[in-house]
Each structure stands twice: as structure tokens, then as C-alpha cells.
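Geometric and topological summary
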Amino acid sequence: MSLTKSKFRENCLKKIQNVSKKRDNKIYRDYLLNKKLSDLLASHQFKSILFYYPLQNEADIRKTLQKMRKKKRVFLPFMQGKSFKMVPFRLPLKKKRFAIFEAGNTLRNINKIDIVVVPVVGVDGAMQRVGFGKGMYDRFFEKLQKKPYTIFVQSEYCMTKKNICDAYDVVGDVLITPKKIIKNRTAWKKRN
């Protein structure tokens, strides 16, 4: 039986949920991930960054988000229909659909960003994102004027060597897990 995107997603979600049940382990894993993410961001020159505000089973990147907020223009997703737009990160955050915390809406239409930090459930052999199945990041990336440097983060390594994603799925430049950093050599060659 060949591996499908939905079956791979299901396997990755089980893996992530098992790790999330072990509270002490999750805290340490999030610490390691934040350290790697902060170090990677420190090695890049950029002005603006789009983070996500983590759900319970996602990698908790709040420490890096707070650190970058002091130095850079930080944005969060704001849900709009089947996609989202970027809004400046400002407190207080409000709990919305899918238990996602959001900053308040803005009238500004921001469609240019330097770096995007994206949560992933899994990654395929072409370094394409397998998310939760809503397609919000795919629609968001489609609207951007210029492709930003894209950092995938996951709390538990879940990657297949097979190409199982669709052509429209987001491609990452780098994948960060608590134990690994994997660079997308193909994307790097296209940029340079």
C-alpha cells in the first residue's frame, strides 16, 4: 500500500500527540527548538517576520516570538475565511476559531514579509508542508508578492522521503525540530 498525504498526516499527528502527553519532555523539546530557531534567526538579516501563536500540540515558539518582538516587526496570522492575513503582534490576544489566539485586526494590507515561521505536522521528500488539512498557509503564500524565507518547525520529527504533497503545498527552506535542522538544498540553490 502506497503512502498518501492523509495517511502520513494521521501518522505524524499520532506521533506528536504521544510526545505532547509527556509534559516534562515537551518543555525540554520546546527549549531545544527555541534555541535552534533563535540561533537561525540571528544568522539572517531581516526586518519583518510572521510567527504563529502555538496550539497545544504545536511546537511552542513563544520564547523566540517574545525575543524577536523587541528587535523586529513581528506579525501573527489573523483568520479571514479560508485563509488569513498578517496583523502586527500586539496584546491582548483573543482566542478565536480552532482555539487559535490572534492579535486584533488591522486595516493595513501587509503582503510582504522577510521570514515566515510555519508549524508543520509533517514534511515530504520535496520539503513540502503537510499541515492540519485546512490549506490556510497554502492560500496565504499564494497571495504574497515575494516568497519569504520559510522556516518549518515541528515538535517531533516526522518526515518522509516520498513526494506525497500537491504542487500548491508550501515549500520550506529549512526544517527545525528539537533534535535536527534540515536545510532544503534545492530551495537554497534557487535563491543563490
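Structure: see above.
Residues numbered from 1 in each chain as written. Predicted model: local features only at pLDDT ≥ 70, side-chain atom pairs only at ≥ 80, totals over all residues. Heavy atoms only, no water.

1. Thoughts on the state of the cysteines
Enumeration over the complete set of coordinates arrives at one disulfide. Through a disulfide, Cys12 is tied to Cys158; the S-S separation comes to 2.0 Å. Its torsion about the S-S bond being -80°, the disulfide of Cys12 and Cys158 is classed as left-handed. Taken together, the positions of Cys12 in helix α1 (residues 5–21) and Cys158 in the loop between β9 (149–153) and β10 (174–176) put the pair 146 residues apart, joining distant regions of the chain. A residue is classified by how much of its surface remains accessible, and Cys12, at 0% relative accessible area, is buried. The class of Cys158 is buried, set by a relative accessible area of 7%. A disulfide-free cysteine, Cys165 has its sulfur positioned 10 Å from the sulfur of Cys12, the nearest such atom. For Cys165, a relative accessible area of 15% corresponds to the buried category. (Disulfide = S-S within 2.5 Å. Helix = DSSP H or I, 4+ residues; strand = E, 2+ residues; numbered from the N terminus. Buried < 20%, exposed > 50% of the residue type's maximum accessible area, 1.4 Å probe, protein only.)

2. A short note on the nonpolar core
Formed by 48 residues in total, the largest nonpolar core has its most connected members in Leu41, Phe51, Val117, Ile151 and Val153. Discounting residues that sit within four places of it in the chain, Leu41 has contacts with Phe46, Ile49, Phe51, Thr64, Met68, Ile115 and Ile151. Judged by nonpolar contacts, the second largest core, of eight residues, contains Cys12, Val121, Val130 and Ile164. (Core = buried A, V, L, I, M, F, W, Y, C linked by side-chain atoms within 4.5 Å. Contact = heavy atoms within 4.5 Å.)

3. Comments concerning unusual backbone geometry
Following Leu91, the chain continues into Pro92 via a peptide bond in cis, with omega recorded as 0°. Tracing the backbone shows Pro92 in the loop between β3 (83–88) and β4 (94–95). Backbone geometry places Met127, a non-glycine residue, at a positive phi of 60°.

4. Describing the sheet that holds β9
Pairing is mixed across the open sheet formed by seven strands, whose spatial order is β3-β2-β1-β6-β9-β10-β11. Strands with a single pairing partner mark the edges of an open sheet, and in this sheet they are β3 and β11 (181–183). Within the sheet, the average angular offset between the axes of one strand and its neighbour, ignoring direction, is 25°. Here two bridges tie strand β1 (residues 48–50) to strand β6 (residues 115–119), and the two strands are oriented parallel to one another. The residue bridging Ile49 from the neighbouring strand is Ile115, located in β6. Contacting β1, β2 (73–80), β3, β6 and β9, helix α4 (residues 136–143) crosses the sheet at an angle of about 65° to β3. (Pairing = 2+ DSSP bridges. Axes fitted to C-alpha atoms, helices over the stretch in contact; angles between N-to-C directions.)

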